[in-house]
Every structure is written in structure tokens, then in C-alpha cells.
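Residues per chain, in single letters:
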Amino acid sequence: MKLGEEVLKILNKTYDPNKVIETQFKRYDLAFKTDEAGRPILLFMGHRNEKGNIQGERFARRLKIGPNGEVIKDHWENKGKAT
């Protein structure tokens, strides 16, 4: 499963630092964790079960920041199933 452009628009925004943000996108439940700069770095995408956990896919963001603060690499990797 790859992330679509609409989901990437949500993930390219800046949020509160070091928080877990929960939202919905179309038929999916999303939960993502932000880093100290407020950028999403860990994403769980799927359907929430009765315990409140998201079952589906887990993605991790690979960010490489240069010495002047410019982004050198920025991509999302599918890390497999989330349970």
C-alpha cells in the first residue's frame, strides 16, 4: 500500500510537537506521531478496533535535514502491518 497525494497533503502540514494526532480520512482512521518540530514521523492507517487501536498499515517517515536546516530526503516507508 502506498500513500496517496491526499494523505500526503495531511502529513506535510506542521502540528503540535511531540503529540499523537488522531483523525479520519475517507474510510480510514489515521493516527500519527509528531517529532520535536511538529512534523509527522510515524503513521498508523487502517480501521480502529473496539480497543481503540488501529489495525492496518504502519508507515515511518525518513527525514534527512542538512546543516542549514534544508530537507535533503523526505519519504514514507511502509513498515508492515499494524495491530
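Provided above is the structure to which this section pertains.
Residues numbered from 1 in each chain as written. Predicted model: local features only at pLDDT ≥ 70, side-chain atom pairs only at ≥ 80, totals over all residues. Heavy atoms only, no water.

Student: Hey, could you run me through the overall build of the chain in this one?
Tutor: Assigned secondary structure in the chain consists of one helix and five strands. The secondary structure elements of the chain, listed N-terminal to C-terminal, are α-β-β-β-β-β. For the chain, the C-alpha radius of gyration of 13 Å lies close to 12 Å, the compact-globule estimate for 83 residues. Counting only C-alpha atoms and orienting by the principal axes, one finds that the chain spans roughly 45 × 25 × 20 Å. The burial tally for the chain puts 31% of its 83 residues in the buried class. For the chain, long-range pairs separated by at least 24 residues make up 25% of all intrachain contacts whose partners lie at least 6 apart in sequence. Counting 17 positive and 12 negative side-chain charges, the chain places the centres of these two groups 3 Å from one another. (Helix = DSSP H or I, 4+ residues; strand = E, 2+ residues; numbered from the N terminus. Rg over C-alpha atoms; globule rule 2.2 N^0.38 Å. Buried < 20%, exposed > 50% of the residue type's maximum accessible area, 1.4 Å probe, protein only. Contact = heavy atoms within 4.5 Å. Lys, Arg positive; Asp, Glu negative; His and termini not counted. Charge placed at Lys NZ, Arg CZ, Asp CG, Glu CD.)

Student: What am I meant to see in the sheet that holds strand β4 (residues 54–65) here?
Tutor: Hydrogen bonds between backbone groups are what pair the strands of a sheet, and the pairing can be parallel or antiparallel. Read across the open sheet, the five strands follow the order β1-β2-β3-β4-β5; overall the sheet is antiparallel. Looking at the sheet topology across the chains shown, the edges are occupied by β1 (20–25) and β5 (71–82). Across the sheet, the mean angle from the axis of one strand to that of its neighbour is 20°, orientation sign disregarded. (Pairing = 2+ DSSP bridges. Axes fitted to C-alpha atoms, helices over the stretch in contact; angles between N-to-C directions.)

Student: Please clarify how the pattern of salt bridges should be interpreted in this entry.
Tutor: Two side chains carrying opposite charge are able to pair once their charged atoms lie near each other. In this structure the tally under the stated criterion is seven salt bridges. Across the pair Lys 26 and Glu 6 runs a salt bridge, and its minimum N-O distance is 2.9 Å. Here the residue Lys 26 occupies a position in the loop between β1 and β2 (28–34), and Glu 6 occupies one in helix α1 (residues 5–11), the gap between them amounting to 20 residues. Counted as one network, the salt bridges with shared partners bring together Arg 62, Glu 77 and Lys 79. (Salt bridge = Lys/Arg side-chain N within 4 Å of Asp/Glu carboxyl O.)

Student: Sorry if this is basic, but what is going on with the side chain of Asp 29 here?
Tutor: Structurally, Asp 29 can be placed in strand β2. No salt bridge is formed by the buried Asp 29; its nearest oppositely charged neighbour, Arg 48, is found at 4.5 Å. Polar side-chain contacts of Asp 29 include one of 2.9 Å to the side chain of Gln 24. (Polar contact = N/O pair within 3.5 Å; in protein donor to acceptor, adjacent residues only side chain to side chain.)

Student: So what exactly am I meant to see when it comes to the pairing of β2 here?
Tutor: Two faces, one strand: in a regular strand the side chains alternate between the faces of the sheet. Across the seven residues that make up β2, a large majority, six, are buried. Counting the residues in the hairpin turn of β1 and β2 gives two residues, including Lys 26, whose phi is positive at 50°. Sheet topology note: the β2/strand β3 (residues 40–48) ladder contains six bridges and is antiparallel. Paired with Ala 31 across the bridge in β3 is Phe 44. Where β2 hands over to β3, the hairpin turn is made up of five residues, of which Gly 38 adopts a positive phi near 90°.

On their own, these measurements won't tell you what the molecule is for.
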